[in-house]
Amino acid sequence: MDERDHARLTRRYLLQQAAGVALGAGAAGLLAWKLHDPDGERGKPKRPELTLPHGGYVIEPSKVLPVLGVATGQSIPALVRAAIDAVGGVGRFVQHGDVVVIKPNVAFERAAPLGATTNPEVLGALVHLVREAGAREVRVVDNPIENAEACFVRSGVQKAALEAGASVWLPTPKDFETLHVAGATWIARWPFFFRPFVGANKVIGVSPVKDHNLCRASMTTKNWYGLLGGRRNQFHQDIHGIIADLALMMRPTLVLLDGTRVLFRSGPTGGSLSDVRPGNTVVASTDSLAADAYGWHELLERRDEELPAYFAKSAARGLGNPDWKSQSIKRVQAG
Amino acid sequence: MATTFVIPGWEKHRPKPNPDGTPWWTRTFRITRIRIASQVFFFSLFIFLLWCTWFTRMKGYPVSLFLEVDPLVGVATAISTHTVYRWLWRGLFVLVPTLLLGRAFCNWMCPYGTLHQFVGWVFNIWTNKNNIDRNRYRPSFQIKYLLLAVFLVMAALGSLQIGLLDPICLLVRTFTTAIAPASDLAHSNLATALRERLGMDPAPLLFMSSAPGASEQRIFRGAWFVGLIIVGLVGMNLVIPRFFCRVLCPLGAFLGVLSRWAPFRISRDLTKCTDCNACLRRCEGASDPQGALRKSECFVCFNCIDDCPEDALSFTLAPLPFKDFMVGEPKKGLATLFGQKVISKIPETVRAGPAVARRRWVFAAIGGVLAFPFLRLSAAVNKRGFSAKAIRPPGSVEESEFLERCIKCDQCIRVCPTNVLQPSTLSEGGLEGLWTPVMNFSVGFCQLNCTLCSEVCPTGAIQKTSLARKLGVGEYAGKGPVSIGTAFFDRGRCLPWGMETPCVVCEEVCPVTPKAIGTYEETITRWDGTKVVLKKPYMRPELCIGCGICEHECPVIDSPAVYVTAIGETRSQDRSLLLETSRKTKEKS
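Along each chain, the written sequence defines residue order, and numbers are assigned to residues from 1. As they are written, the chains are lettered A onward and the ligands numbered 1 onward, keeping that order. Where totals are concerned, whole chains, interfaces and linings use all residues; where local detail is concerned, this predicted model gives features only for residues with pLDDT of at least 70, and gives and counts side-chain atom pairs only at 80 or more.

S.K.: Looking at this structure, how should I read the domain arrangement of chain A?
M.R.: In many analyses, interface size is given as the accessible surface area lost on bringing the parts together. Annotation of chain A at the domain level lists domain 1 (3-35) and domain 2 (49-334). Domains are outlined according to an automatic or database domain assignment. Each of domain 1 of chain A and domain 2 of chain A has a C-alpha centre, and the two are 70 Å apart.

S.K.: Even after reading the chapter, I still don't get the domain arrangement of chain B, so can you show me in this structure?
M.R.: You can read the domains of chain B as domain 1 (31-169 + 242-260) and domain 2 (486-565). Between domain 1 of chain B and domain 2 of chain B, the C-alpha centre-to-centre distance is 49 Å.

S.K.: Looking at this structure, how should I read the sheet that holds strand S4 (residues 326-327) of chain B?
M.R.: Two strands in a sheet stick together by hydrogen bonds in their backbones, pointing the same way (parallel) or opposite ways (antiparallel). Residues and elements named next belong to chain B. Two strands form a pair only when DSSP identifies at least two bridges running between them. To qualify as a helix, a DSSP run of H or I must reach at least 4 residues; to qualify as a strand, a run of E must reach at least 2; elements of each kind are numbered from the N terminus. Within the open sheet, the three strands sit side by side as S4-S5-S6. Their pairing is antiparallel. Strands at the two margins of the open sheet, each flanked by one partner only, are S4 and strand S6 (340-341). Summarising the sheet, strand S5 (residues 336-337) and S6 pair through two bridges and their orientation is antiparallel. Pairing of Leu337 across the sheet is with Gln340, part of S6.

S.K.: I tried to follow unusual backbone geometry on my own but got confused; where do I start?
M.R.: One can expect most non-glycine residues to show negative phi and most peptide bonds to be in trans. Each neighbour pair has its own omega, and for Gly267 of chain A with Pro268 of chain A the value is 0°, a cis peptide bond. Mapped onto the fold, Pro268 of chain A is located in the loop between strand S10 (254-263) and strand S11 (276-285). Pro514 of chain B follows Thr513 of chain B through a cis peptide bond whose omega is -5°. Inspection of the secondary structure assignment puts Pro514 of chain B in the loop between helix H24 (505-509) and strand S11 (517-525). Phi at Arg242 of chain B takes a positive value of approximately 50°, unusual for a residue other than glycine. Assignment of secondary structure puts Arg242 of chain B in the loop between helix H12 (223-235) and helix H13 (243-248). Exposure remark for Arg242 of chain B: the 26 C-beta atoms within 10 Å place this residue in the buried category. Counting other C-beta atoms within 10 Å of each residue's C-beta, where C-beta atoms are placed from the backbone, gives the exposure class: buried for 20 or more, exposed for 12 or fewer, partly exposed between.

S.K.: Help me understand the confidence of the model for chain B, please; the structure alone is not making it clear to me.
M.R.: Low-pLDDT stretches of the model should not have their predicted coordinates read in fine detail. Looking at chain B, pLDDT values average 93 and 97% of them are 70 or higher. Across the interfaces of the predicted complex, the ipTM metric reaches 0.89, alongside a pTM of 0.91. In predicted models, pLDDT denotes the confidence assigned by the predictor to each residue on a 0 to 100 scale.

S.K.: How should the interface of chain A and chain B be read in this particular structure?
M.R.: Contacts between the two partners involve 28 residues from chain A, matched on the other side by 35 residues from chain B. Polar here means any residue outside two lists: the nonpolar Ala, Val, Leu, Ile, Met, Phe, Trp, Tyr, Cys and Pro, and the charged Asp, Glu, Lys and Arg; Gly therefore counts as polar. Partitioned by chemical class, the residues of the side of chain A that touches chain B number eight nonpolar, 12 polar and eight charged. Contacts are defined on C-beta atoms placed from the backbone: any two residues whose C-beta positions lie within 7 Å are in contact.

Written out as structure tokens, the structure is:
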């Protein structure tokens with residue numbers, strides 16, 4: 001090696017270079033080994049599969065208290081209180097420190113008098129009672145068909161909920177998780193508006209009484225539709241099966257059937273006051289099938305017609321008893 | 001004794017008075033600082049009003065204010081429609097000051113100008129000497145005047161195209177379709193990270209969202225192109241400072257023409273000016289303050305006055321035409337002015353109008369005369385050959401009037417709560433209708449009880465429409481609801497019609513009453529022997545308002561089995577479908 005080569009290529013340079021290459025190659029190899037995905041399965045995103053509490057949010061059934069509480073009258077706060085009192089009072093369902101999710105039906109951007117959404121006064125009175133019972137937090141949630149915020153504002157539900165001391169949870173894409181519903185026919189794994197249920201221990205549904213062309217009537221059981229996301233427009237391919245799945249998915253603490261107004265035709269959207277008639281009734285029940293069947297016969301006044309198929313399908317799963325006449329019922333006149 | 005109260009070392013740091021004896025604070029509270037404050041204010045106001053353009057935030061704010069005070073919008077629509085719509089008289093707020101002060105709007109109010117100046121300032125890597133050269137006038141700065149002429153001639157013929165380049169329209173459009181959705185994506189990721197990684201409640205950050213309560217990330221057709229344009233135009237500041245403002249801006253050109261008559265301008269005192277060119281270092285308009293000031297190019301930024309070492313420049317009412325009062329030969333350094341020696345060797349001090357030769361104005365006008373038929377006869381916007389998917393928002397005026405009014409600002413698209421309004425691409429509106437609002441029911445649907453687009457439209461392309469008028473109730477009961485199109489069934493793709501499968505989501509969501517979609521009930525035996533009751537949907541066209549919720553909710557999502565096209569829209573007699581509605585439309589007019 002002549003002097004020039006020596007200046008060009010020193011031992012130190014050579015060793016440094018070799019060490020650097022070895023280190024780099026080693027690190028790259030280690031990384032490749034760590035990240036190796038031989039069949040492409042590892043690279044797929046992992047979605048957690050969540051479940052609601054086993055047995056749902058139902059409370060201990062009572063042997064003495066009636067299953068249905070039906071209050072009729074004009075004053076809405078009095079109706080709500082009387083109906084709930086008839087089935088044991090709000091203290092039976094909500095204890096001090098509870099976190100309660102309330103699910104109204106706010107599916108469409110409609111003013112309250114059009115009857116397409118839960119009456120905000122009913123919701124407000126319910127939130128008020130739940131607060132009174134000592135609930136730590138009340139969350140009002142729905143995933144409407146139309147723009148969520150517009151629906152909550154136009155229906156008056158947002159204002160009523162906030163004024164009564166609840167918080168309103170509007171759905172955003174990141175609030176949905178895949179919910180596992182064991183035994184469901186169609187929605188065993190389906191995107192569910194999960195975030196409001198994190199930390200919640202009571203669920204109350206409050207839905208209007210509405211005509212519905214396909215499933216014939218939309219009441220407290222169909223109301224759970226608004227907790228799902230994803231491709232809901234496929235549900236109509238077996239709407240009765242879906243509603244029976246909804247009944248399986250959500251076992252609520254209490255349901256309220258808001259019969260203050262009845263959307264008796266052109267449902268579930270309505271849009272004209274002539275589609276609505278006053279019902280002046282609020283029904284409280286621990287059995288949503290019984291409440292809905294009462295609504296079908298007494299509020300939609302379809303006494304001569306057979307109950308829609310989802311009643312029998314849900315009942316066959318032991319999720320309630322649509323034969324409300326055979327059950328204990330307490331009727332009260334309020335306000 | 002007083003020294004006991006002085007902080008040690010204070011004397012050393014105390015600001016020194018200026019060399020000319022004026023107190024130190026005149027350095028800080030200069031007019032250029034006030035200008036910067038004004039730019040910050042108007043830029044913030046612009047962002048605030050865009051932020052407010054959302055139904056939960058509007059609360060009566062004048063959300064389209066910047067578009068309304070843009071005098072080019074007012075003047076160009078006045079040329080095309082012979083009327084001044086609603087709030088467009090507010091253009092006087094900019095027009096009148098321009099007639100007094102020159103193009104001050106460009107460097108005091110214009111949010112797009114502020115953006116360009118800011119970017120140019122941040123990324124300026126040049127030396128002072130380079131900057132002086134970069135801020136010299138170039139002949140390409142004439143282009144904006146030629147574009148203005150093309151656009152105004154086209155407006156006179158009935159095609160309003162100023163919105164392609166008007167800075168306010170351009171910036172509102174860019175925020176709406178490119179920047180706001182991008183920022184929403186960032187906000188939603190940030191909110192998720194806060195909640196999931198740190199267990200914090202991200203609700204207080206909801207103010208960062210441009211569309212709070214929107215159930216999906218908002219998407220806009222062709223957002224990439226609008227985004228690319230702003231990146232390109234803003235990036236050009238690194239090549240030519242204020243490239244857009246100096247070369248392309250039709251509003252700047254319009255204000256430049258008006259500046260010709262402004263009594264105030266930058267005046268150069270020839271007895272002080274040493275021709276050092278330091279005034280060019282930060283000259284925003286490249287308006288030659290070192291020589292014959294080009295009034296039409298001057299943005300009235302006052303940087304030249306700041307930078308002049310001789311204090312030779314001032315902003316003056318009716319400055320003296322020095323040339324007329326000079327005695328002697330300035331080029332040889334021998335001239336005097338009222339007995340004082342003239343130092344500058346450049347005797348000219350002003351050039352009022354734009355440096356565009358008359359024949360070039362004529363050339364541009366011919367360009368406009370030709371451009372109109374080129375665009376208009378491209379079928380997309382005519383009675384025949386129009387796109388079935390060019391579905392205009394409710395309240396829109398008839399198509400040819402629409403094209404006289406729409407400035408492509410996309411405020412309607414910004415405010416639309418369901419994201420159904422989309423900037424038109426070439427396929428719906430042709431080049432003439434590029435970026436005008438059309439509905440895409442795959443993205444959203446027209447919400448029944450909503451008239452926000454008509455509320456924010458600054459030019460009346462979407463005429464202010466009350467809810468009663470949209471729904472055809474109350475005093476409008478006789479006229480019926482506003483229809484924007486008609487829905488059709490594709491029976492081959494429809495589940496009940498073509499696939500023995502129950503569905504009718506369309507019927508369920510149809511928002512009118514009685515419903516525009518009816519159903520036939522039929523019990524059939526399927527291929528596997530099971531009996532199934534099908535409700536088969538059909539249209540009742542006289543009830544359909546074209547809102548598209550049926551198309552949006554149809555489970556056949558890629559090419560829906562029920563879809564809306566523009567036929568049957570109330571605004572057009574040519575595009576009506578039913579004899580019944582034709583009669584109603586005629587009664588109206």
